[in-house]
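Remarks on the overall topology
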2 protein chains.
Amino acid sequence: MVVELINTGSELMLGRVLNAHQQWLCRQMADLGWVVSRQVAVADTAREIEQAVREALARADVIMVTGGLGPTSDDLTRERIANLLGKALHEDQAVLAHIQHFFDMRKRPMLPRVRIQALVPDGAQVLWNPNGTAPGLAMEVQPNAFRGNGKASWLVLLPGPPRELRPMFMDFVVPLLRKAFPNETEFVCRTIRTIGIGESLVEHTLIGPLQPLVEAGLELGYCARPGQTDVRLVAQGVDAERIVRQAEEILRAKLGEHVYGVEEEELEAVIVRLLTEKRKTLALAESCTGGLLAHRITNVPGASAVLLAGCVTYTNEAKQKFLGVKAETLEQHGAVSKPVAREMAEGARERTGADYALSVTGIAGPTGGTEAKPVGTVFIGLAGPFRTIVVRNFNPVDRETFKHMTAQQAMELLRRKALEAS
Amino acid sequence: MVVELINTGSELMLGRVLNAHQQWLCRQMADLGWVVSRQVAVADTAREIEQAVREALARADVIMVTGGLGPTSDDLTRERIANLLGKALHEDQAVLAHIQHFFDMRKRPMLPRVRIQALVPDGAQVLWNPNGTAPGLAMEVQPNAFRGNGKASWLVLLPGPPRELRPMFMDFVVPLLRKAFPNETEFVCRTIRTIGIGESLVEHTLIGPLQPLVEAGLELGYCARPGQTDVRLVAQGVDAERIVRQAEEILRAKLGEHVYGVEEEELEAVIVRLLTEKRKTLALAESCTGGLLAHRITNVPGASAVLLAGCVTYTNEAKQKFLGVKAETLEQHGAVSKPVAREMAEGARERTGADYALSVTGIAGPTGGTEAKPVGTVFIGLAGPFRTIVVRNFNPVDRETFKHMTAQQAMELLRRKALEAS
C-alpha cells in the first residue's frame with residue numbers, strides 16, 4: 001500500500017510553526033504496518049494544494065491531507081479538492097447542528113463564515129470532530145483518472161489542530177483503512193535508545209554480530225542526537241517479529257547499560273518507572289537547568305509517586321533559603337562549583353526526606369562565563385544513601401541544547417545509580 | 001526564485017523524530033525574502049533520494065537537501081546525488097584532516113568508515129562544519145538536464161544534526177545564495193500573536209478594517225493554537241514594508257491587549273522583557289505545571305535578572321515546608337483549591353522577597369479527578385503589591401496540553417497585571 005501525506009499551510013512554508021502532524025501521522029501509520037513513502041508540505045493556496053493532491057493521486061493508494069478545513073479565508077482545502085474531483089459541495093445539516101452546538105456550549109456567537117465548515121463534497125464520508133468544529137472527510141476516488149493504472153485511491157482530509165486531528169485519526173481513519181486494506185504484510189519496527197556512546201562506535205559494535213540477521217532481511221538505521229544514538233531495527237514479512245526480537249537481544253548484549261529505553265521512551269519515563277519499581281523518591285535542586293528536570297519528570301503520568309519536590313534556585317539567596325547551602329561555601333567557591341552542587345543535593349535530600357536528590361549548577365550562557373569556568377561548565381550532584389557524587393561536565397552549546405544535554409546527563413547519572421539499588 | 005527543501009531520513013517517514021529542519025530552514029529563507037514553495041520528506045534509500053532530487057531539479061532554482069551525510073551505512077545522500085549528476089567523488093585531504101582533528105580533540109578513535117565523509121563530488125564547494133565531521137556541499141547544476149527550460153539550479157547538501165546544519169547555513173549558505181541571486185524583490189512577513197480571543201472572532205474583527213490594505217496587496221493568514229491565535233501579515237514589492245506596518249497598526253488598535261507579541265516571541269520572553277523593563281522580580285510556586293513555568297522562563301536569556309526562585313511542590317509536605325502553606329488549609333480545602341493557590345503564591349513571594357509570585361495547583365490527569373474537581377481543574381494565584389488574585393480555570397485536555405495551556409494562562413495573568421505596574 002502506497003501512502004502519502006500532504007500538509008497544507010503557508011505558516012509551514014514560512015517556518016512559523018513546527019509540522020508536528022508529519023511525525024505523529026507517520027508514526028501511527030508505521031505502527032499499523034503502513035510506512036508513509038512521501039510527505040509533502042505546500043502553502044495553502046489553491047494552485048499548490050491542487051497540484052500536490054493531483055501528483056499524489058497519480059502515485060498513492062491513500063493520501064492524507066492536513067489543514068485548511070477551518071472557517072477563515074485561507075482555509076481552501078475542502079473546496080479545492082471538491083473542485084479537483086469534480087464534486088459539488090452540499091451543506092450537511094448534522095454537521096451544521098454540531099457546529100452550532102459547539103458555539104452554544106461555549107456561549108460564544110457563531111459567525112456566518114463558520115458555516116462553510118458544514119460543506120461536504122457529494123459522496124464523501126464525514127469524520128466526526130468532537131473536539132472542534134470542522135469535520136474530517138474521507139472519499140474513495142474511483143475511477144481515479146489521475147493514476148495511470150486506473151486504481152482507486154482514498155483521500156482523507158483532516159483538520160489542522162492536533163487536538164482535533166489525533167482522536168479523529170484514531171477513532172475514524174484507522175477503522176476505515178483497516179476495512180479498505182485488509183491482509184497487509186507484517187511490518188515490525190523497533191527503536192532502541194542508547195546514551196553515552198557515539199554513532200559510529202554503535203554501528204562498529206553492532207555491524208558484525210548483526211550481519212546474519214541483516215542477510216535474513218533486517219534493516220538497520222542510526223539516528224544521532226545530542227549525547228545519544230537511536231538504533232532502529234526494521235523487518236518485514238512472516239519472520240519480521242523473530243528477526244527484530246533476535247536483533248534486540250544481540251544489541252542489548254553488546255551495548256549493555258548504554259541502552260536506556262525503547263521506542264520514543266525518554267529518560268524521564270525510565271527514571272519514573274525505575275524509581276516506582278524500587279519504591280524510591282526523588283527531589284531536585286536546579287540552577288542552570290531552570291526547572292527542565294522537574295518539567296520533564298512531571299510530564300510522565302505517575303510522576304507524583306516519585307517526585308517529592310523540586311527547587312529552582314537561581315539566586316544565591318534562594319540556594320541558601322530553600323536548600324541550606326552555606327553562605328561561606330558560595331563565597332569561597334562560587335555558585336558554580338563542586339561544593340555548592342554537593343550542598344544543593346544534600347540540602348534537597350535532607351529537607352524533603354527523598355531517597356535521592358539531584359542537583360545541577362552551571363553556566364548556560366550566553367553570558368556569565370569566566371576563564372576558569374567558561375560558558376557550558378556544569379556540576380551535577382547526586383545525593384542518596386551513599387557518599388554524594390559530584391561530576392563536572394562541559395557542554396559548550398546554545399542555551400536550550402545546554403539545558404537539554406545537562407538534564408540528560410543528570411538523569412543518566414541517577415539511572416545508573418538507581419539500577420544498583422536493591 | 002523557486003526554492004525547494006528535501007529532508008531525507010527513514011526516521012522521519014517512520015515518525016521516529018520530529019522534522020525541525022523544515023521549520024527552521026523555511027523560516028530563515030522567508031526572512032531572507034525567499035519563500036520555500038515545497039518541502040518533501042522521503043526515506044534515505046537510494047531510489048527515494050534520487051527521485052525526489054530529480055523532480056526538484058526539474059522545478060527549482062535552489063534545492064536544499066538535509067541528512068544522509070554521516071558515517072553510517074544508511075548515509076547515502078552524497079553518493080546518490082553524485083551518481084545522479086554523473087560526478088565522480090574524490091577524497092578531499094583538507095576535509096579528512098578536519099575529521100581526524102575532530103576525533104583527536106575528543107580522544108576518540110577514528111573508525112575507517114568515518115573517512116567517507118571526506119568524499120566530495122568533482123566541482124562541488126565544501127561548506128565547513130566546525131561543529132561536526134561531515135561537511136556540507138554546494139554545487140551549481142549547469143546545464144541542468146532535468147529542467148525543461150535548461151536553467152541552472154543550485155543544489156545544497158546539509159548535514160542532519162541541527163547543531164551542525166544551522167551555523168553552516170548561516171555562515172556559508174546565506175552568502176552563497178545572496179551572491180548567486182542578487183536583486184530579489186522585497187518581501188515582508190510579520191506574525192502578530194494574540195491570546196484570549198478565538199480565530200474566527202479575530203478574523204471577523206480585522207476583515208473590514210484591513211480590506212483597503214488587502215486590495216493593495218496585503219495577504220492575511222491565521223493560525224489557531226491552544227488558547228491563542230497568530231495573525232500573519234505578508235506583502236511583496238516596493239510597498240511591502242509600508243503595507244505590513246500599516247496593517248500592524250490597525251490590528252493593534254482593534255485587538256488591543258490581546259496582542260502579546262510578534263514573530264515567534266513566546267509569552268515567557270514577553271514576561272522577562274516586561275519585568276526587566278519595570279525592574280520587577282518573580283517567584284514561582286508550581287504544583288501541576290511541574291516546573292514548566294520555571295523552564296520556560298529560564299529559556300529566555302537574561303531570565304536570571306527576573307526570576308529569583310521557583311518551587312515545584314508536588315506533595316502536601318513540600319507545599320508546607322517550602323511555601324508555608326498551612327496544614328489546616330490543605331486539610332480543609334484540599335491541595336487543589338483557591339485557598340491553597342493563594343497561600344502558595346503568598347508564601348513564595350514572602351520567602352523570596354519577589355515583587356510577584358505566581359502559583360498553580362490543579363489536576364493534570366490522567367487520574368486524580370473527582371466530581372467536584374474533575375481532571376483539568378486548575379487554580380492560578382498571583383501575589384504582588386495588591387490583593388492576591390486567584391482564578392479557577394478548566395482545561396480538560398491531555399497532560400502535556402494541560403501543562404502548556406495552564407502555563408499560558410498563568411503567564412497571561414501576570415502579563416496583564418505587570419502591564420499596569422509603574
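About the criteria used
- Residues numbered from 1 in each chain as written.
- Chains lettered and ligands numbered in written order.
- Predicted model: local features only at pLDDT ≥ 70, side-chain atom pairs only at ≥ 80, totals over all residues.
- Heavy atoms only, no water.
- Helix = DSSP H or I, 4+ residues; strand = E, 2+ residues; numbered from the N terminus.
- Buried < 20%, exposed > 50% of the residue type's maximum accessible area, 1.4 Å probe, protein only.
- Arc of directions from axis to C-beta.
- Salt bridge = Lys/Arg side-chain N within 4 Å of Asp/Glu carboxyl O.
- Least-squares fit on C-alpha atoms with pLDDT ≥ 70 in both.
- Polar contact = N/O pair within 3.5 Å; in protein donor to acceptor, adjacent residues only side chain to side chain.
- Contact = heavy atoms within 4.5 Å.
- 1 Å grid on protein atoms, 1.4 Å probe; cavity = no way out; pocket = protein on both sides within 12 Å on 5 of 7 lines; lining within 4 Å.
- Points joined across faces, edges and corners; volume = space filled by probe spheres on them.

1. Focus on the environment of A:Thr66
All names here are of chain A. Topologically, Thr-66 is positioned in strand 3 (residues 62-66). For Thr-66, a relative accessible area of 1% gives the class buried. With 105 residues separating them in the primary sequence, Thr-66 and Asp-171 have C-alpha atoms 16 Å apart.

2. Thoughts on helix 11 (residues 316-323) of chain A
Residue and element names in this part refer to chain A. Those residues of helix 11 that sit buried are Ala-318, Lys-319, Phe-322 and Leu-323. The buried residues of helix 11 all sit within an arc of 105 degrees when viewed along its axis, so they share a single face. Residue Gly-324 follows helix 11 closely and has a positive phi angle near 75 degrees.

3. With respect to the pattern of salt bridges
On inspection of all chains with the given rule, the structure shows 56 salt bridges over all chains. When the shortest N-O distance is used, the salt bridge between B:Glu263 and B:Arg27 registers 3.6 Å. With B:Glu263 in the loop between strand 12 (259-262) and helix 9 (267-277) and B:Arg27 in helix 2 (residues 20-31), the pair connects residues that are 236 residues apart, well separated along the chain. B:Arg27 matches B:Glu263 in its accessibility class, with the two residues each being buried. Note that B:Glu91 and B:Arg115 form a salt bridge whose closest N and O atoms lie 3.0 Å from each other. In this pair, B:Glu91 sits in strand 4 (residues 89-91) while B:Arg115 sits in the loop between helix 5 (93-105) and strand 5 (119-121), placing the two residues 24 residues apart along the sequence. By relative accessible area, B:Glu91 is classed as partly exposed at 29%. Members of the salt-bridge network, linked through shared partners, are A:Arg16, B:Arg27, B:Asp31, B:Arg190, B:Glu248, B:Arg252, B:Glu263 and B:Glu264.

4. A few points about the relation of the copies chain A and chain B
When chain A is fitted to chain B, the best match, at an RMSD of 0.1 Å, comes from turning it 180 degrees and sliding it 0.0 Å along the axis. When the rotation and shift are considered jointly, the pair of chain copies conforms to a two-fold rotation axis.

5. Structural notes on the side chain of A:Arg399
Assignment of secondary structure puts A:Arg399 in helix 14 (residues 399-420). Of note is the side chain of A:Arg399, whose polar atom sits 3.4 Å from the backbone oxygen of B:Asn299. Reaching out from A:Arg399, the side chain makes a polar contact with the backbone oxygen of B:Val300 at a distance of 3.5 Å. In contact with A:Arg399, other than residues within four places in its own chain, are A:Tyr314, A:Ala364, A:Gly365, A:Pro366, B:Thr298, B:Asn299, B:Val300, B:Pro301 and B:Ala303.

6. Remarks on empty space enclosed by the protein
Inspection of every chain in the model, using the stated rule, returns 3 cavities of 30 Å³ or more. Put simply, the largest cavity is a space of about 80 Å³. Lining the largest cavity are 13 residues, with A:Thr191, A:Asp230, B:Glu11, B:Arg16 and B:Val17 positioned closest to its centre. Mapped onto the lining of the largest cavity, the elements with two or more residues apiece are strand 9 (187-195), strand 10 (219-225) and strand 11 (228-236) of chain A.

7. Thoughts on unusual backbone geometry
A positive phi angle, near 50 degrees, is found at A:Glu263, a position not held by glycine. For A:Glu263, a relative accessible area of 16% corresponds to the buried category. Residue B:Arg279 is not a glycine yet carries a positive backbone phi of 55 degrees. Relative to the assigned elements, B:Arg279 resides in the loop between helix 9 and strand 13 (282-286).

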